[in-house]
Amino acid sequence: MRRFWISIAIAGGLLLAASVLSLATGAAHVRAGDAFRAVIDSSSVDPTTATIVRSIRAPRVVTAIVVGWALALAGLCFQSLLRNPLASEYTLGVSSGAALGAVATVLIGVAGAFSIPAGAFFGAIATIAVVLFVAHASFSFETTSTILAGIIFTSLANAMLSLMLTLIAPDELQSFFFWFLGSFASAEWGMVGPVSIVVALLSLVLMGHAWHMNAISVNEELAEQVGISVTRSKLVLYGVASLLTAVVVTLAGTIGFVGLVVPHVARLAVGVDNRKLIPLAALSGAALCVMSDLVARTALAPNELPVGVVTAFIGVPVFVSLMRRRGR
Amino acid sequence: MPHRGSPADFSDRQNPCGAGTPACAPPKAASRIAEFGIRNAEREGATHREQREPAPLRRVAPRADRSVCATQAASVSQFSILNSQFALALIVVVSLLAPATAAAPHRIVTLVPSAAEILDGLGIADRIVGVTDYTDFPASMVALPHVGAFNNLNIEAIVALSPDLLVATTDGNSSATLDRLRRLGFDVLVLDLRYWKTTRAGIIALGAKTGRDAEGKALVAEMDRVASCIAGATKGAKRPRVLYAFDMDPVIAPGQESFTNEMIDMAGGASVTKGNPQPYPRISAEGLIALAPEVVVVSTMNPSKDLDAWKAWLGRWPAIPAVKSGAIRGIDSRTIDRPSQRLVFGLRDLATSLHPGLFPAGVCEPKWRRATQ
């Protein structure tokens, strides 16, 4: 238990430090002191600084927290359900489906502030439904076959995206980058507010099913024997993980790697108990996303990198070093 | 005597014109007060608006507020004139308020390179305070703060420059980003620069917005003059089949009714990719032979260097008429791929490429000098 609290403290500390640093740095020069005064009282600094900190940086930090939090939980959930370390919203095709939904919305000409996120949302939900249906129909609705169905669907979705890519004008390519590699650049309170409420509620549902996840990830028959309604629990958990992915894709496009790697890192730290893994993975995912976004928007400022590139660059070394330490 | 410009007065928010409308303050203090008055008025004005953003910007206040303040400042001052020092203070105040009350924006950020070119044509490049990447004309733009690429704008960098006008285009900038900037309280002028005709209209609109109507109309008049001169010179001449290429290996050409195809048309040619359903179709080697262009025009930033590479590359297919006759020509992409009044140079160059005999030096030349206009 002590190991758990230390891990939580480290992840929380990293998240806090990254968030504070994110508020104080960016393309525009704002003194750190002014940035924090702006957070506390907008009238204590000049209006430009207040806008930069309160309307641009702050919603961006919160969006990164919500997205990282949700992606890590979705990945954790998929990995437990499928008992497969390769499972994540990315490998199951949910992210590609969301991107496809968004881009299709643009292509059929109904693009708008709400229709694109809606397209992404339905793309994600439709994908997980199709993937699970295919896996259930042709194989055994189980681990490897589900992953396989996800990978096949991802390939199909990417091919369709590439097809659309040749059909649209080059000046729309940037929006494709957004859906392929993710970005927090469009973060606004109006979007992140409702989504964070949804994510919080889904997190609570997940926490309530932590024990079910433990049982299912060991053995489904065993879970039945200890009195868990496996079918019902799995339905709830697939639903929660898919919704988590779908809602955050509408905020920041598809950011790979977080859902795949963060649960593993958390598992290396505190073991396989989902009651500990859920809070730790959520905090670690949030910290990874905030740090990645900080790098993405400052490394080449004023130009921004796709945040998915940075999550991989930060996450892989962390993952490899943890694996090596564990192997020793 | 208590100093009317004391900090306590500054905090008076009830008066929309700010504290101590400067009746007896010395000139220097008066200028500070005047400045503060404007800021305060703006804050007050902004709080009444339904802003989703928590912190309204300096520039969001309606200009009416400023005029009211100016009038009030003036009238209050008039009543309390006691000696000549006040008259001096009044002059300082009025002269300080004058630029603020004028409708013309003075801190402009251009969100595409062509907007800077148009502003330069209007004679107000010095009002530009920020530009996007690749903005290299006029040369003074290179040293200005950058706000990202036109298709990847950094909102924070734009906000930090406190601009009072953003100039964008319909097809270059993301509409979601422009909406966001509007919600942050910025004045965004979106120009449609997709065609020659809309570029004309865009120049006039930008001229009107910046208080340079006459200059805008003059730019457009010159565009019209060169265009009609070229149309007259090429009238009756055979229209060669033209392949215009933005890039090679693969060849990327203008499709649809695009503005490049429109320019080819105006220069007396017939684009072989006009009407292609894709906006920027890729043309295969076999497609090149099938299209059988009589002239190939390559747009490049470096015609002398790239043209040789192009000639070698295309030389493999002598079946193409343009290859057989050696009609492969380069054109400076900066004067033709960027829609501004400088398109007249591109149009003149294009016409020369298509009809080398018809345009000796001096015929249909734009009256502007290339380097400065």
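Residue numbering note: each chain is counted from 1, following its sequence as written. For naming, the first written chain is A and the first written ligand is 1, with later ones following in the order written. Predicted model: local features are reported for residues with pLDDT of at least 70 only, side-chain atom pairs are reported and counted for 80 or more only, and whole-chain, interface and lining totals are derived from all residues.

K.L.:
What should I look at first to understand the sheet that holds strand β5 (residues 165–169) of chain B in this one?
P.N.:
Within a sheet, neighbouring strands are paired by backbone hydrogen bonds and run either parallel or antiparallel to one another. Residue and element names in this part refer to chain B. Any two strands with at least two DSSP bridges between them are considered paired. Counting from the N terminus, the helices are DSSP H or I runs at least four residues long and the strands are E runs at least two residues long. Strands sit in the order β2-β1-β5-β6 across an open sheet of 4 strands; the sheet is parallel. In this open sheet, the two strands that pair with only one neighbour each are β2 (128–130) and β6 (188–191). Direction aside, the axes of adjacent strands within the sheet are offset by 35° on average. Where β5 meets β6, 4 bridges bridge the pair, whose relative direction is parallel. Within β6, the residue paired with V167 across the bridge is L189. In this description, any two residues whose backbone-derived C-beta atoms lie within 7 Å of each other are considered to be in contact. Throughout, an axis means a line fitted to C-alpha atoms (over the contacting stretch in the case of helices), and angles, computed between N-to-C directions, take values from 0 to 180 degrees. Contacts from helix α5 (residues 113–121) reach β1 (108–110), β2 and β5 within the one sheet, and its direction differs from that of β1 by about 135°. In the packing of helix α8 (residues 196–209) onto the sheet, contacts are made with β5 and β6, and the angle to β6 comes to roughly 160°.

K.L.:
Before we go on, may I ask you to explain helix α4 (residues 94–107) of chain A in this structure?
P.N.:
Residue pairs three or four apart in sequence face the same way in an α-helix, which turns once every 3.6 residues. Residues and elements named next belong to chain A. Taking 1.5 Å per residue as the helical rise, α4 with its 14 residues ought to reach 20 Å, and the 20 Å between its terminal C-alpha atoms agrees with that figure. Burial runs high along α4: 11 of the 14 residues are buried. V94, S95, S96, G97, A98, A99, L100, G101, A102, V103 and T105 are the residues of α4 that are buried. Expected helix span is computed as 1.5 Å times (number of residues minus one). Counting other C-beta atoms within 10 Å of each residue's C-beta, where C-beta atoms are placed from the backbone, gives the exposure class: buried for 20 or more, exposed for 12 or fewer, partly exposed between.

K.L.:
Looking at this structure, how should I read the confidence of the model for chain B?
P.N.:
Residue and element names in this part refer to chain B. Confidence of the predictor at the level of single residues is captured by pLDDT, which takes values from 0 to 100. Taken over all residues, the pLDDT of chain B has a mean of 76, while the share at 70 or more is 71%. Per-element mean pLDDT across chain B ranges from 36 in helix α1 (residues 7–10) up to 96 in β1. Across residues 1–82, where pLDDT falls below 50, the model places 133 contacts with residues more than four positions away in sequence or in other chains. Per-residue pLDDT stays below 50 along residues 92–101; that stretch engages in 21 contacts with residues further than four places along the chain or on separate chains. Scored by ipTM, the complex comes to 0.73, with pTM at 0.72.

K.L.:
What am I meant to see in the nonpolar core here?
P.N.:
In globular proteins that are soluble, nonpolar side chains generally tend to be buried together. All names here are of chain A. Residues V66, A70, L73, L244, V248 and V290 are the most contacted members of the largest nonpolar core, which totals 175 residues. Among the elements that take part in this core, helix α3 (residues 47–82) stands out by supplying 22 residues, more than any other. The contacts of V290, once residues within four sequence positions are left out, are L15, A18, S19, S22, V61, A64, I65 and G68. By convention in this section, buried Ala, Val, Leu, Ile, Met, Phe, Trp, Tyr and Cys residues joined through C-beta atoms within 7 Å make up a nonpolar core.

K.L.:
Help me understand the environment of L280 of chain A, please; the structure alone is not making it clear to me.
P.N.:
All names here are of chain A. Structurally, the position occupied by L280 is in helix α13 (residues 274–298). Sequence-wise, L280 and V265 are 15 residues apart; in three dimensions their C-alpha atoms are separated by 9.6 Å. Setting aside chain neighbours within four positions, we find L280 in contact with S7, I8, A11, A266, A269 and V270.

K.L.:
Explanation requested: unusual backbone geometry in the structure shown.
P.N.:
Residue and element names in this part refer to chain B. For the bond from F137 to P138, the omega torsion is -10°, close enough to zero to count as cis. Along the chain, P138 falls in the loop between β2 and β3 (148–149). A positive phi angle, near 35°, is found at S162, a position not held by glycine. Relative to the helices and strands, S162 resides in the loop between α6 (155–160) and β5.

K.L.:
Just to check I follow, could you spell out the sheet that holds strand β12 (residues 328–332) of chain B for this structure?
P.N.:
All names here are of chain B. If you trace the 4 strands from one edge of the open sheet to the other, you get β9-β7-β11-β12, paired in parallel fashion. If you trace the sheet from one side to the other, it starts and ends with β9 (270–271) and β12, each paired once. Of the strand pairs in this sheet, strand β7 (residues 241–245) and β9 are connected by 2 bridges, and their pairing is parallel. Bridge pairing links V242 to S271 in β9.

K.L.:
Teacher, can you tell me more about the pairing of β5 of chain B here?
P.N.:
Two faces belong to every sheet, and in a regular strand the side chains alternate between them. All names here are of chain B. For β5, the buried fraction is high: 5 of the 5 residues fall into the buried class. Burial along β5 is two-sided: L165, V167 and T169 and L166 and A168, pointing in opposite directions, are all buried. Sheet topology note: the β1/β5 ladder contains 3 bridges and is parallel. Looking across to β5, one finds that I108 is bridged to L165. This β-α-β element, β5 to helix α7 (residues 175–183) to β6, shows right-handed connectivity. A crossover gets the label right-handed when its path from the first strand over the helix to the second runs clockwise, viewed with the strands pointing away from the viewer.

K.L.:
In this structure, what is going on with the packing of α8 of chain B against helix α9 (residues 213–234) of chain B? I would like to understand it.
P.N.:
Packed helix pairs are specified by the crossing angle of their axes together with the interaxial distance, meaning the distance between the axes. Residues and elements named next belong to chain B. Relative to each other, α8 and α9 sit at 165°, their axes nearing to 7 Å. By the angle between their axes, α8 is roughly antiparallel relative to α9. The hand of the α8/α9 crossing is right-handed. Contact residues: α8 offers R200, I203, I204, L206, G207 and A208, while α9 offers D213, E215, G216, K217, L219, V220 and M223. Of the residues contributing to the contact of α8 with α9, the split by class is 7 nonpolar, 2 polar and 4 charged. Note on angle classes: values under 35 degrees are labelled roughly parallel, values over 145 roughly antiparallel, values of 65 to 115 roughly perpendicular, and the remainder oblique. A clockwise turn of the near helix away from the far one marks a right-handed crossing, whereas an anticlockwise turn of less than a right angle marks a left-handed crossing. Lys, Arg, Asp and Glu make up the charged group, whereas Ala, Val, Leu, Ile, Met, Phe, Trp, Tyr, Cys and Pro make up the nonpolar group; the residues left over, Gly among them, are polar.

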